[in-house]
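# Survey of secondary and tertiary structure
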Amino acid sequence: AERGPTTTLDAKQLLTNIFRCFTFPHKTRSTLRPLSKLCGTQKRSILAAKRLVPFLLSSRSSLSSRRTSAHMTSLDKIDKSGAFQRPQSSHRNWIASDSAKFPPEKDRYHLYVAYACPWASRVLMARALLGLEDVIGLSVVHPTWQKTSDKDEHTGWVFREPGDPPLSNTLNHGSIPCDDSLLPDTVNNCKSIRELYELSNDTARSYTVPLLWDKKNNMIVNNESADLLRMLNTAFKPLAKNPGLDLFPADLEAEIEKINEWVYPNINNGVYRCGFAKSQSAYEQAYKDLFTHLDKAEDLLSSRRYLCGDRFTEADIRLFVTLVRFDPVYVVYFKCNGKTIRERPALMNYVRDIYQMPGVKGTVNMDHITKHYFTSHPTLNTYAIVAKSPDMELDAPHGREKLSSDKRSKRRAT
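Figured I'd write up the structure that's included with this text. (Residues numbered from 1 in each chain as written. Predicted model: local features only at pLDDT ≥ 70, side-chain atom pairs only at ≥ 80, totals over all residues. Heavy atoms only, no water.)

## Some thoughts on the overall build of the protein
Across its full length, the protein carries twelve helices and six strands. Counting only residues that meet the buried cut, the protein has 52% of its 414 residues in that class. Across the protein, the fraction of contacts at a sequence separation of at least 24, relative to all contacts at a separation of at least 6, is 72%. (Helix = DSSP H or I, 4+ residues; strand = E, 2+ residues; numbered from the N terminus. Buried < 20%, exposed > 50% of the residue type's maximum accessible area, 1.4 Å probe, protein only. Contact = heavy atoms within 4.5 Å.)

See the structure below:
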């Protein structure tokens, strides 16, 4: 085709000949006309088809490679061993009371999240627990990924209005409603999270949530959930309705960091390492790491109410967002089919304890959680069939107050 229209063969006929020559080579003598009996144009077509096969295969590989490096989704981030590798966040500006460019101010910053995303849910939980809903605005995307541009094949988070027509996955399977939980982008009127990154002159091209937007400077401030947790807990404390809550107390900083060092790679990211692995060895290593550290968490939380003792901290937020999704999604979808959270008394009641804290329940949208995972990755679930979720009985009594009271009694006795 690059040589001009005079030498271009009919595309449909060319593809038909490729199909005939290479899909059914054993039939060329018995059911297809021999090459010697074809006319000149037909011979040239078949010979051209043969020459084109290596080109088409290499072009497909090249296009796939360019898409992966230019506009990545989670499923593309795989190393040579087939193991999932999460990239670093690309926007790491810091809001602080002494910052000239990014001081904390009411109504200046806007948070973009997906209820389905555990990383976004970390920040959403902190915003609710600290009482910052009237300080930082919010937009919520639709749970099912869609194409974000006509220029490439990237799929990602998009905005819709409540009551809009339902969406299907990118293969047109499924029907996922636009429910009342959706909050469109009222700041920039963007149609996708990708557009926000492009407005902010992003070059990393990994269009993730959470994302905190600065309305004054018209740019992304930060898209790293760990950073945002710390900023909400410090810079925004004077604006919070619940300033007494300290998610990163000075005397527990070292312990929190040590806990985060094993919770993140083995549990938070561990479920993704299982689900997105593209080799058996990578999957089995991730599976082993995951369940070894779930056992560790179960043992630890059998004798203390929270990860660092009697006080709820950011470490608990980081663990909770994975545990609450584990049985409804990760057990089936990410092949994490070992011991469930419901089979672990300490972890199950720990999840209930946190879920029942004022403000947390509103950040856990199980409908969005299940629909996102089961409808956004056609390579993992072609027909967007959403598995039935087990009843986690999150409002059931948890009895974990006793762990705190027992500790206080022992200290008084001592």
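On we go from here.
## What to know about the sheet that holds strand S1 (residues 109-113)
The strand order S2-S1-S5-S6 describes an open sheet built from four strands, whose pairing is mixed. Across the chains shown, the open sheet's two edge strands, defined by having one partner strand only, are strand S2 (137-140) and strand S6 (219-222). Averaged over neighbouring strand pairs, the angle between their axes works out to 35° when direction is ignored. The pairing of S1 with S2 spans four bridges and is parallel. In the strand pairing of S2, Val113 is matched with Val140. (Pairing = 2+ DSSP bridges. Axes fitted to C-alpha atoms, helices over the stretch in contact; angles between N-to-C directions.)

## Section: unusual backbone geometry
Residue Val209 is joined to Pro210 through a cis peptide bond whose omega torsion reads 5°. Among the structural elements, Pro210 can be located in the loop between helix H4 (193-199) and strand S5 (211-214). Not every positive phi belongs to a glycine, and Ala384 is a case in point at roughly 55°. As for its position among the elements, Ala384 is in the loop between helix H11 (366-376) and helix H12 (401-413). Given a relative accessible area of 9%, Ala384 falls into the buried group.

## Let's talk about the packing of helix H6 (residues 253-268) against helix H9 (residues 314-333)
Helix packing for two helices is described by the angle between their axes and how far apart those axes are. As a packed pair, H6 and H9 sit with axes 10 Å apart at the nearest point and diverge in direction by 10°. Accordingly, the angle class assigned to the pair H6 and H9 is roughly parallel. Taking contact as the criterion, the partners of Ile256, Ile259, Asn260, Val263, Tyr264, Ile267 and Asn268 in H6 are, on H9, Glu314, Ala315, Arg318, Leu319 and Thr322. Along the lines of polarity and charge, the residues of the contact of H6 with H9 split into seven nonpolar, three polar and two charged. (Parallel < 35°, antiparallel > 145°, perpendicular 65-115°, else oblique. Nonpolar A, V, L, I, M, F, W, Y, C, P; charged D, E, K, R; others polar.)

## Description of the packing of aromatic side chains
What the rule picks out here adds up to 22 aromatic pairs. The interplanar angle of 35° and the centroid separation of 6.2 Å between the aromatic rings of Trp119 and Tyr272 together place this pair among those described as tilted. You can see Trp119 sitting in helix H3 (residues 118-130) and its partner Tyr272 sitting in helix H7 (residues 270-275), a full 153 residues away along the chain. Take Trp119 and Tyr272: they sit in the same class, and that class is buried. When the centroid spacing of 6.4 Å and the interplanar angle of 45° are considered together, the rings of Tyr272 and Tyr373 count as tilted. Here the residue Tyr272 occupies a position in helix H7, and Tyr373 occupies one in helix H11, the gap between them amounting to 101 residues. (Phe/Tyr/Trp six-rings, centres within 6.5 Å; stacked < 30°, edge-to-face > 60°.)

## Looking at the pattern of salt bridges
Taken as a whole and assessed by the stated rule, the structure comprises 19 salt bridges. For the salt bridge of Arg318 with Glu314, the shortest nitrogen-to-oxygen distance reads 4.0 Å. Pair noted here: Arg318 and Glu314 are both in helix H9, with a separation of four residues, about one helical turn. In this structure, Arg318 and Glu314 share a single accessibility class: buried. Lys361 serves as the salt-bridge partner of Asp395, at 3.0 Å between the closest nitrogen and oxygen. (Salt bridge = Lys/Arg side-chain N within 4 Å of Asp/Glu carboxyl O.)

## Re the pairing of S1
Most of S1 is tucked away: five of the five residues are buried. Sheet analysis places S1 next to S5, joined by four bridges and oriented antiparallel. Looking at S5, one finds that His110 is bridged to Trp213.

## Looking at the nonpolar core
Membership of the largest hydrophobic core comes to 105 residues, with the highest contact counts inside it found for Ile193, Phe320 and Phe326. A per-element tally of this core places H9 first, with twelve residues. Among residues more than four places away in sequence, those in contact with Phe326 are Val271, Leu290, Phe291, Leu294, Val331, Cys336, Lys339 and Ile341. (Core = buried A, V, L, I, M, F, W, Y, C linked by side-chain atoms within 4.5 Å.)

## Structural notes on the environment of Ile136
With respect to the helices, strands and loops of the structure, Ile136 is situated in the loop between H3 and S2. Relative accessible area serves as the criterion here: at 2%, Ile136 is assigned to the buried category. Between the C-alpha atom of Ile136 and that of Glu105, which follows or precedes it by 31 residues, the distance is 8.8 Å. Once you skip the residues sitting within four places of it in the chain, Ile136 turns out to touch Tyr109, His110, Leu111, Arg127, Leu212, Leu232 and Phe236.

## Thoughts on the environment of Val351
Looking at the element boundaries, Val351 is found in helix H10 (residues 345-355). Judged by relative accessible area, which is 0%, Val351 ranks as buried. On a C-alpha basis, the gap between Val351 and Met392 in space is 9.5 Å, while along the polypeptide they are 41 residues apart. Setting aside residues up to four positions removed in sequence, Val351 forms contacts with Phe320, Leu323, Val324, Ile341 and Leu394.

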